Amino acid sequence: MKDTIGGKSIILRVELQTEAVHFGQLITVITENGGDVIAIDVIQTGPNWTVRDITVTASEQIQLEAVTGAIKLLQGVKLVHVSDRTFLLHLGGKIEMKPKVPIQNRDDLSRVYTPDVARVCMAIHEKQENAYKLTIKRNTVAVVSDGSAVLGLGNIGPYAAMPVMEGKAMLFKQLADVDAFPICLDTQNTEEIITTIKNLAPAFGGINLEDISSPRCFEIEERLREELDIPVFHDDQHGTAVVLYAGLINALKVVGKSIHEAKVVVCGIGAAGIACSNILLAAGVKELIGVDREGALVSSTSYNNPMWNWYAERTNPNRLTGSLHEIIEGADVFIGLSSGGVLKRGDVERMAPRPIVFVMANPTPEIHPDEIEDIAGVIATGRSDFPNQINNVLCFPGIFRAALDCQATTINEEMKLAASAAIASVVAPQELNKLYIIPSVFNQEVVRRIRTGVIEAAIRTGVARRMPREFRSGGSI
Ligand SMILES: NC(=O)c1ccc[n+]([C@@H]2O[C@H](COP(=O)([O-])OP(=O)(O)OC[C@H]3O[C@@H](n4cnc5c(N)ncnc54)[C@H](O)[C@@H]3O)[C@@H](O)[C@H]2O)c1
Ligand SMILES: O=C(O)C[C@H](O)C(=O)O
Ligand SMILES: [Mg+2]
């Protein structure tokens, strides 16, 4: 699949006959064909030959193909091989498990394993809560997918979903020191998914559901929330909604509009679109219209999807009908959670002045930001290679850090709103502008502030089973 935006990067291993060709000629051929040379490494040299690795990036895959084609035509140059840097990074997977203590002798062995481990087992058998003290449970989250709605790629199955889940596990660890396991299930049957996750739960302090398509994701999450005593959080719904709301709070300030008066169009009424709409309704949006493939959702129509009937009852107060291109007329905010290329420049031209355009489909947004840069008030995407990344990665590490630290039984609405406010607050008023409405994933304040705000909300709403030390002003739970 050809991605139309974002940098592409390859490493070219070339052997040059130094008498037949100058290195400068090779570089000229690369740049003339649209490649940027970002690194050169000498691998081996001989009396009249040299082998080098040249790292080349280009904005389009097609340019990289042109570069390799042109190199093959150069006299005195042999293209030994081409490696895709992204694939290299994924070789053998991206994470590993590491013991916390070494096992160096028999004594260690008998304590981490048989026979002494039995005493620890019995301590948990006598008091199940001890699992939080004596196992990985207190710091471990399962990232579970069935591969049915992976990014905007659709139902690509559990094997193909793994790289995303491994990536989420890496982010959990790096950003919030949460240990996370990627688990991709080879079933898309609602009951089987629920039963499997329930059976897996003893090892985990939380369940992060990921990339499970709607409407099954709603029932799976709801049932697991009822039946488990650890937080179950469908990231595509709630993580996205938390970050979207944080971004919108700040974007509205940039364009000087009020959330109560804004006309908001959400495109893609799936897992993420429904959750984002819910948070917007709770935040006071009055004119909210949902659009999916068949056009605007309206209460006068009956849908096969029960969530859509529920949705249409609560939104579209003026009962607008028609396609996205019609509905978008005069809108102040567009929120895309559908698939790449759905929005056209003409649509944005017909929005209200200084429109807010959040095109959050991954990996290809609903419109390329460059196409509307001159007419939009604020633009955000889900990707890391544009300004204003509205992506659930800003939420899930911090919200689970908080939930694990206070051993929350659930992640409730108050905790989610606290997370949104925490994220929005990281951008100081004097820093706020159209290219900076949302903090970077690498801003360490993000997880820290989410953790504080979310633990406070958990304690306030009575779902914390443990009071972290810094929150113990009087008494403990
Ligand atoms: N930026 C983020 O943090 C973030 C988070 C979650 C999801 N997403 C993106 O949002 C999209 C949806 O994810 P999801 O988990 O809600 O999936 P989903 O399958 O639950 O829902 C997708 C919805 O979009 C609709 N849709 C697809 N193409 C459309 C089109 N051309 N016009 C109108 N509607 C269309 C589908 O009918 C479906 O209702 C994906 O691209 C995903 O990558 C982004
Ligand atoms: O994985 C991401 O980048 C965000 C989100 O979970 C998505 O499904 O697109
Ligand atoms: Mg996802």
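The sections below set out a description of the structure shown in this document. These numbers come from a predicted model, not from an experiment.

So, the sheet that holds strand S1 (residues 8-17)
Reading across from one edge, S2-S3-S1-S4 is the order of the 4 strands in this open sheet, with antiparallel pairing throughout. Either end of the sheet is taken by a strand with one partner, and the two such strands are strand S2 (36-45) and strand S4 (77-84). Across the sheet, the mean angle from the axis of one strand to that of its neighbour is 20 degrees, orientation sign disregarded. One ladder, built from 10 bridges, connects S1 with strand S3 (residues 49-58); its direction is antiparallel.

Let's talk about the coordination of the magnesium ion (ligand 3)
Every protein donor of the magnesium ion (ligand 3) is accounted for by Glu210 (OE), Asp211 (OD) and Asp236 (OD), and the metal-donor separations fall at 2.0 to 2.1 Å. Counting along the primary sequence, the residues that act as donors to the magnesium ion (ligand 3) give the motif E-D-x24-D. By relative accessible area, which is 1% here, glutamate 210 ends up buried.

Focus: the nonpolar core
In this structure, Ile207, Leu280, Ile335 and Phe358 are the most contacted members of the largest nonpolar core, which totals 110 residues. At 11 residues, the largest contribution of residues to this core is made by helix H10 (residues 235-255). When residues no more than four places from it in sequence are discounted, the contact partners of isoleucine 335 are Leu244, Val264, Val265, Val266, Cys267, Leu280, Phe358 and Met360. Leu324, Ile327, Leu343 and Val348 belong to the second largest nonpolar core, which has 19 residues in total.

Structural notes on the side chain of lysine 168
Following the sequence through the fold, lysine 168 ends up in helix H7 (residues 157-176). Here glutamate 210 takes part through its side chain, which lies 3.4 Å from a polar atom of the side chain of lysine 168. For lysine 168, the residues in contact, after removing those within four places along its chain, are Val143, Glu210, Asp235, Asn392 and Phe396.

Reading the values: the criteria
Residues numbered from 1 in each chain as written. Chains lettered and ligands numbered in written order. Predicted model: local features only at pLDDT ≥ 70, side-chain atom pairs only at ≥ 80, totals over all residues. Heavy atoms only, no water. Pairing = 2+ DSSP bridges. Helix = DSSP H or I, 4+ residues; strand = E, 2+ residues; numbered from the N terminus. Axes fitted to C-alpha atoms, helices over the stretch in contact; angles between N-to-C directions. Donors = N, O, S within 2.8 Å, 3.2 Å for Na, K, Ca; no water. Buried < 20%, exposed > 50% of the residue type's maximum accessible area, 1.4 Å probe, protein only. Core = buried A, V, L, I, M, F, W, Y, C linked by side-chain atoms within 4.5 Å. Contact = heavy atoms within 4.5 Å. Polar contact = N/O pair within 3.5 Å; in protein donor to acceptor, adjacent residues only side chain to side chain.

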